[in-house]
Amino acid sequence: VQLQAFGGGAVQAGGSLRLACAASGRSFAALGMAWFRQAPGKEREFVARTDWLGTRLYYSDSVKGRFTISTDNTRNTMWLQMTSLRPEDTAVYYCAADKDGTTNVYKDALRYQYWGQGTLVTVSS
């Protein structure tokens, strides 16, 4: 599986951005897909996760109600719609894929086998 993340940029606090993750290489139906982020000097942290049907959705408490994760099966693309952005959302955002799309253990970055290259989101106050 190859993943490519794009859509990052600079935005003012309160603004919105939409990130995309394009997947290629194999069948994706069984995969769990997620977004993680890593701010300077901090560990990579879980942001949101979905399966390709959108039936298992999980969000970190810090983004719940502001970010929405979704997939477009026809385009093999995962999205992260980010609204009401805050300076603390500034980070490099990574998309990731997990072979086990049904697991309830989803916050640990180590369980994801495939990673995109990351896209930078900068939120200014």
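Now for a look at the structure at hand. Remember, predicted model here, so these are calculated numbers, not experimental data.

### Description of the state of the cysteines
Thought 1: One pass over the full model with this rule turns up 1 disulfide.
Thought 2: Covalent S-S linkage joins C21 and C95, the inter-sulfur distance amounting to 2.2 Å. What sets the handedness of the C21 and C95 disulfide is the S-S torsion sign, and at about 70° it is right-handed. Here C21, found in strand β3 (residues 17-24), pairs with C95, found in strand β9 (residues 91-98); they are 74 residues apart in sequence, far enough to count as distant.
Thought 3: Here C95 falls in the buried class, since its relative accessible area comes to 0%.

### Section: the pattern of salt bridges
Thought 1: Counted according to the given criterion, the structure contains 8 salt bridges.
Thought 2: Residues D89 and R37 are paired through a salt bridge, measuring 2.9 Å at the closest nitrogen-oxygen approach. Of the two residues, D89 is situated in the loop between β8 (77-82) and β9 and R37 in strand β4 (residues 32-38); the sequence distance between them amounts to 52 residues. Here D89 and R37 have matching classes, each one buried.
Thought 3: The closest approach of N and O atoms between R111 and D98, which form a salt bridge, is 2.7 Å. Taken as a pair, R111 in the loop between β9 and β10 (114-115) and D98 in strand β9 lie far apart in primary sequence, 13 residues in all.
Thought 4: Residue D98 is classed as buried on the basis of its relative accessible area of 1%.

### Digging into the packing of aromatic side chains
Thought 1: On inspection of all chains with the given rule, the structure shows 7 aromatic pairs.
Thought 2: Here the aromatic rings of F36 and Y112 are separated by 5.1 Å at their centres, their planes lie at 75°, and the arrangement is edge-to-face. Of this pair, F36 sits in strand β4 while Y112 sits in the loop between β9 and β10; the two residues are 76 residues apart in sequence, bridging distant segments of the chain.
Thought 3: Following the ring pairs from residue to residue traces out a cluster consisting of F36, F46, Y58, Y94, Y106, Y112 and W115.

### Considering the pairing of β3
Thought 1: Alignment of strand β1 (residues 2-6) against β3, held across 5 bridges, turns out to be antiparallel. Bridge pairing links L3 to A23 in β3.
Thought 2: Pairing of β3 with β8, which is carried by 6 bridges, proceeds in the antiparallel orientation. By the bridge assignment for β8, A20 is matched with W79.

Rules behind the numbers
- Residues numbered from 1 in each chain as written.
- Predicted model: local features only at pLDDT ≥ 70, side-chain atom pairs only at ≥ 80, totals over all residues.
- Heavy atoms only, no water.
- Disulfide = S-S within 2.5 Å.
- Helix = DSSP H or I, 4+ residues; strand = E, 2+ residues; numbered from the N terminus.
- Buried < 20%, exposed > 50% of the residue type's maximum accessible area, 1.4 Å probe, protein only.
- Salt bridge = Lys/Arg side-chain N within 4 Å of Asp/Glu carboxyl O.
- Phe/Tyr/Trp six-rings, centres within 6.5 Å; stacked < 30°, edge-to-face > 60°.
- Pairing = 2+ DSSP bridges.

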